[in-house]
Amino acid sequence: MASTNSYDDYFKEGTRVVTVKDVEPAVFISAFAQHLKRQGRFEIPKWADYVKTGKFKELPPMDPDWLYVRAASVVRKLYIRKGTGVGGFRKVYGGKHRRGTCTKVYAKASGKVIRYVLQQLEEMGLVEQIEEGSGRMITKEGQRELDTVAVQAVAVEDEDEDDE
């Protein structure tokens, strides 16, 4: 593991973070989730406390900010691959449905949660619907905001590493 990190560090030396693609996914998603929460423009519905994220889940998410995290994840995936719609995201966030003694099968995630997240991101002006065909894509303003958060996230991460 140590040799892999040194190998990665060799190629990362002297690189500048400019876009979302330059940042580790977990770092960006947590940073953008905090950004959404701080802004206060993303509304959390009443049903968010007790809804499951898919029929294959037994319980709702334990994290009280789970909807911000899901929104950050969705917007990152749209940044990387435009044209994805609710059906595509249902497949991405789906998982293994455990059926007791029967074999485990794949099940899609909840469409309501993903649809709500996309609608909220549209109201904020980060995402827009594609005219021809279906799916959504990031707006120019949304891309600018995402890139800004990515640069800030790496700056904070670098400061944390320097403190240690």
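Heads up: the structure comes first, above all this text.
Residues numbered from 1 in each chain as written. Predicted model: local features only at pLDDT ≥ 70, side-chain atom pairs only at ≥ 80, totals over all residues. Heavy atoms only, no water.

Colleague: So what exactly am I meant to see when it comes to the packing of aromatic side chains here?
Modeller: Each pair of aromatic rings is reported with the distance of its centres and the angle of its planes. Counted according to the given criterion, the structure contains four aromatic pairs. Measuring from centroid to centroid gives 5.4 Å for Trp 47 and Tyr 116, while their planes differ by 75°, and the two rings are edge-to-face. On the criterion of sequence distance, the pair formed by Trp 47 in the loop between helix H2 (25-39) and helix H3 (66-80) and Tyr 116 in helix H5 (residues 111-124) is long-range, its members being 69 residues apart. In terms of burial, Trp 47 and Tyr 116 fall into one category: buried. When the ring of Phe 89 is compared with that of Tyr 93, the centres are 6.2 Å apart and the planes differ by 20°; the resulting orientation is stacked. (Phe/Tyr/Trp six-rings, centres within 6.5 Å; stacked < 30°, edge-to-face > 60°. Helix = DSSP H or I, 4+ residues; strand = E, 2+ residues; numbered from the N terminus. Buried < 20%, exposed > 50% of the residue type's maximum accessible area, 1.4 Å probe, protein only.)

Colleague: For this particular structure, what's the right way to read the packing of H3 against H5?
Modeller: The description of two helices packed together rests on the angle between their axes and the distance between the axes. Direction vectors running N to C along H3 and H5 enclose 75°, while the axes themselves pass 10 Å from each other. With respect to each other, H3 and H5 are oriented roughly perpendicular. Where H3 abuts H5, its residues Trp 66, Leu 67, Arg 70, Ala 71, Val 74, Val 75 and Leu 78 lie against Val 113, Tyr 116, Val 117, Leu 118 and Leu 121. Of the residues in the contact of H3 with H5, the class split is 11 nonpolar, no polar and one charged. (Axes fitted to C-alpha atoms, helices over the stretch in contact; angles between N-to-C directions. Parallel < 35°, antiparallel > 145°, perpendicular 65-115°, else oblique. Contact = heavy atoms within 4.5 Å. Nonpolar A, V, L, I, M, F, W, Y, C, P; charged D, E, K, R; others polar.)

Colleague: Help me out: how do you make sense of the pattern of salt bridges in this one?
Modeller: The full count for this structure, using the stated rule, is two salt bridges. In this structure, the salt-bridge partner of Asp 65 is Lys 37, at a minimum N-O distance of 2.8 Å. On the criterion of sequence distance, the pair formed by Asp 65 in the loop between H2 and H3 and Lys 37 in helix H2 is long-range, its members being 28 residues apart. Put simply, Glu 122 and Arg 136 hold a salt bridge, and the shortest N to O gap is 2.4 Å. Residue Glu 122 is located in helix H5, and its partner Arg 136 is located in strand E4 (residues 136-138); the two are separated by 14 residues in the primary sequence. (Salt bridge = Lys/Arg side-chain N within 4 Å of Asp/Glu carboxyl O.)

Colleague: Can you walk me through the packing of H2 against H3 in this structure?
Modeller: Two elements in contact, H2 and H3, have axes separated by 8 Å at closest approach and are oriented at 120°. Relative to H3, H2 is oriented oblique. Here H2 runs over H3; the crossing is right-handed. Note on element contacts: H3 touches H2 through Tyr 68, Val 69, Ala 71, Ala 72, Ser 73, Val 75 and Arg 76, opposite Pro 25, Phe 28, Ile 29, Phe 32, Ala 33, Leu 36 and Lys 37. Class assignment for the residues of the contact of H2 with H3 results in 11 nonpolar, one polar and two charged. (Left-handed = near helix turned anticlockwise from the far one by under 90°.)

Colleague: Please clarify how the nonpolar core should be interpreted in this entry.
Modeller: Within soluble globular proteins, side chains that are nonpolar tend to cluster in buried spots. Counting residues in hydrophobic clusters, the biggest one holds 37 residues, and the most contacted among them are Phe 28, Phe 32, Val 74, Leu 121 and Leu 146. Counting residues per element, the ones that place at least two in this core are H2, H3, helix H4 (86-92), H5 and helix H6 (140-163). Examining the composition of this core, we find that nine residues originate from one element, H3, more than from any other. For Leu 146, the residues in contact, after removing those within four places along its chain, are Val 20, Phe 28, Phe 32, Val 75, Tyr 79 and Ile 138. (Core = buried A, V, L, I, M, F, W, Y, C linked by side-chain atoms within 4.5 Å.)

Colleague: Please explain the environment of Thr 139 as it appears in this structure.
Modeller: Topologically, Thr 139 is positioned in the loop between E4 and H6. Take Thr 139: its relative accessible area is 9%, and that puts it in the buried class. Not counting chain neighbours up to four residues away, the residues in contact with Thr 139 comprise Gly 125, Leu 126, Val 127 and Glu 128. For Thr 139, the side chain forms a polar contact with the main-chain nitrogen of Gly 142, separated by 3.0 Å. (Polar contact = N/O pair within 3.5 Å; in protein donor to acceptor, adjacent residues only side chain to side chain.)

Colleague: Any chance you could explain the side chain of Thr 84 here in plain terms?
Modeller: Tracing the sequence through the fold places Thr 84 in the loop between H3 and H4. The class of Thr 84 is buried, set by a relative accessible area of 12%. Of note is the side chain of Thr 84, whose polar atom sits 3.1 Å from the backbone oxygen of Arg 81. Apart from the residues within four sequence positions on either side, Thr 84 is in contact with Leu 78, Phe 89, Gly 135 and Arg 136.

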